[in-house]
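Architecture at a glance
One letter stands for each residue in the lines below.
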Amino acid sequence: MLTARENFMETIKGGKPDRFVKPFEYQEWLNDSLFPVYFGNIVPGTEWINGWGVKNIFPVGMPGPFPSCEGEDKVCKDIAKWKEYVKAPEVVLSAEAWKEAVAQAETIDRKEKFVTAKIFCGVFEKLHYLMGMEDAMINFYDEPEAMHELIDYLTDWEIEEIINLGMIPYVFLEGPYNTRLEILKQVPKGKVIYMFEQVDIAKAKKILGDTACICGNLPSADLIYGKKEDIIENTKRMLDICAPGGGFMMDCSIVIDHYDEEKFSAWYETTLEYGRY
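Values in this document were obtained by computation on a predicted structure and should not be read as measured data.

Structural notes on a nonpolar patch on the surface
A cluster of nonpolar side chains, namely Phe24, Trp29, Phe120, Phe172, Ile254 and Val255, defines an oily patch on the protein surface of about 550 Å² accessible area. By the secondary structure assignment, Phe172 is in strand S6 (residues 170-176). Phe172 sits in the partly exposed class, given a relative accessible area of 35%.

Rendered as structure tokens:
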């Protein structure tokens, strides 16, 4: 029997896994030293400026921090001159800065799992963190070419840096993605995982099947409000479409906090019983 790590690698590279991958079973999350650099140390009642130059404020009693994008706090004051304002953070840190993360990583069995780092936020969030929500939305209409240049810059920094460091990006694609699948193909083969919230899964498999591993798309709401029979049929349909050739992991459309035990069990058991390579 393959380890969780080995089974995952066989899956994303179109090899011969011996079972379907359980989401995140092959990962051990690390409190990595880069997170405070590009996002910050998240402490209620404080404010800070992260590696992108974005000022974040976390008032006491609020569920989380938010960016300050007014006046001098705004990083990108003119989208036409974004190259003058937006500078990627330095990701090369000293050995001392990595000491705690290295100690944690050494406790993880690399034969069983991957050491996993987290990177927040997504591209759209990065955009409005840099210039404010109003400017971001207006700039999409008034300066689409400059916005696309900035998006390419942010995406290349995030995806390419991760791959160059020998890691595998696990990219959550929020919202509908049917019209953007060809763009997602522009990554090295077997190096990226795409988790879809909403997509034509057959179309995604056809376009991305020889390039990236795909997962997600089964509506998470169904695991609370859906019919058990529909969940079973939808699970079988996804397996029929996506399993051939590998490169697929069964997953729901978004991380779930709550679910109906009977419906979740039906999903889980159908995947185990019907999903056989």
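Let's pick the thread back up.
Quick look at the sheet that holds strand S7 (residues 193-198)
An order of S6-S7-S8-S9 is seen for the four strands of this open sheet, with the pairing classed as parallel. The open sheet has two free edges, formed respectively by S6 and strand S9 (248-249), since each of these has just one partner strand. Here strand S8 (residues 213-216) runs beside S9; their pairing, made up of two bridges, is parallel. The residue of S9 that forms the bridge with Cys215 is Met249.

Looking at the layout of surface pockets
Of the voids in this model, the second largest pocket is the one considered here, and its volume is about 300 Å³. At five residues, helix H12 (residues 261-274) tops the list of elements feeding residues into the lining of the second largest pocket. In terms of residue class, the lining of the second largest pocket is built from 14 nonpolar, one polar and two charged.

Observations regarding the nonpolar core
Within the largest apolar cluster, 30 residues are counted, with the highest numbers of intra-cluster contacts made by Leu181, Leu184, Tyr194, Phe196, Leu208, Ile214 and Phe248. Listed by contribution, the elements that provide at least two residues to this core are helix H7 (144-164), S6, helix H8 (181-184), S7, helix H9 (201-208) and helix H11 (228-242). Filtering out sequence-adjacent residues up to four positions away, Leu181 remains in contact with Phe196, Val199, Lys203, Ala204, Ile207 and Leu208. With 23 residues, the next largest nonpolar core counts Leu34, Cys76, Val86 and Leu127 among its residues.

Concerning a negative patch on the surface
Taken together, the side chains of Glu90, Asp142, Glu143, Glu145, Glu149, Asp152, Asp156, Glu160 and Glu161 present a region of like negative charge at the surface. Its location among the elements puts Asp142 in helix H6 (residues 133-142). The class of Asp142 is exposed, set by a relative accessible area of 54%.

Quick word on empty space enclosed by the protein
Under the counting rule described, the total for this entry stands at one cavity of 30 Å³ or more. In this structure, the largest cavity spans a volume of roughly 100 Å³. Lining the largest cavity, in full, are Tyr38, Phe39, Asn50, Trp52, Val54, Phe120, Cys121, Glu125, Lys126, Tyr129, Leu130 and Leu154. If you tally residues by element for the lining of the largest cavity, the top one is helix H5 (residues 123-131), at four residues. A breakdown of the residues in the lining of the largest cavity according to their chemical character gives nine nonpolar, one polar and two charged.

What to know about the pattern of salt bridges
Tallied over the entire structure, the rule returns seven salt bridges. Between Asp73 and Lys55 there is a salt bridge whose closest N-O contact spans 3.8 Å. Here Lys55 lies in strand S3 (residues 55-58) and Asp73 lies in the loop between strand S4 (66-68) and helix H3 (82-85), a separation of 18 residues in the sequence. In this structure, Lys74 engages Asp135 in a salt bridge whose closest nitrogen and oxygen atoms are separated by 2.7 Å. Highlighted residues: Lys74 in the loop between S4 and H3 and Asp135 in helix H6, separated in sequence by 61 residues. Under the relative-accessibility criterion, Lys74 is labelled buried at 18%. Through salt bridges with shared partners, a single network forms among Glu47, Lys55 and Asp73.

The rules behind the values
- Residues numbered from 1 in each chain as written.
- Predicted model: local features only at pLDDT ≥ 70, side-chain atom pairs only at ≥ 80, totals over all residues.
- Heavy atoms only, no water.
- Patch = residues over 30% accessible without salt bridge, like charges linked within 9 Å, V, L, I, M, F, W, Y side chains within 5 Å.
- Areas by Shrake-Rupley, 256 points an atom, 1.4 Å probe, with all protein chains shown as cover.
- Salt bridge = Lys/Arg side-chain N within 4 Å of Asp/Glu carboxyl O.
- Helix = DSSP H or I, 4+ residues; strand = E, 2+ residues; numbered from the N terminus.
- Buried < 20%, exposed > 50% of the residue type's maximum accessible area, 1.4 Å probe, protein only.
- Pairing = 2+ DSSP bridges.
- 1 Å grid on protein atoms, 1.4 Å probe; cavity = no way out; pocket = protein on both sides within 12 Å on 5 of 7 lines; lining within 4 Å.
- Points joined across faces, edges and corners; volume = space filled by probe spheres on them.
- Nonpolar A, V, L, I, M, F, W, Y, C, P; charged D, E, K, R; others polar.
- Core = buried A, V, L, I, M, F, W, Y, C linked by side-chain atoms within 4.5 Å.
- Contact = heavy atoms within 4.5 Å.
- Lys, Arg positive; Asp, Glu negative; His and termini not counted.
- Charge placed at Lys NZ, Arg CZ, Asp CG, Glu CD.

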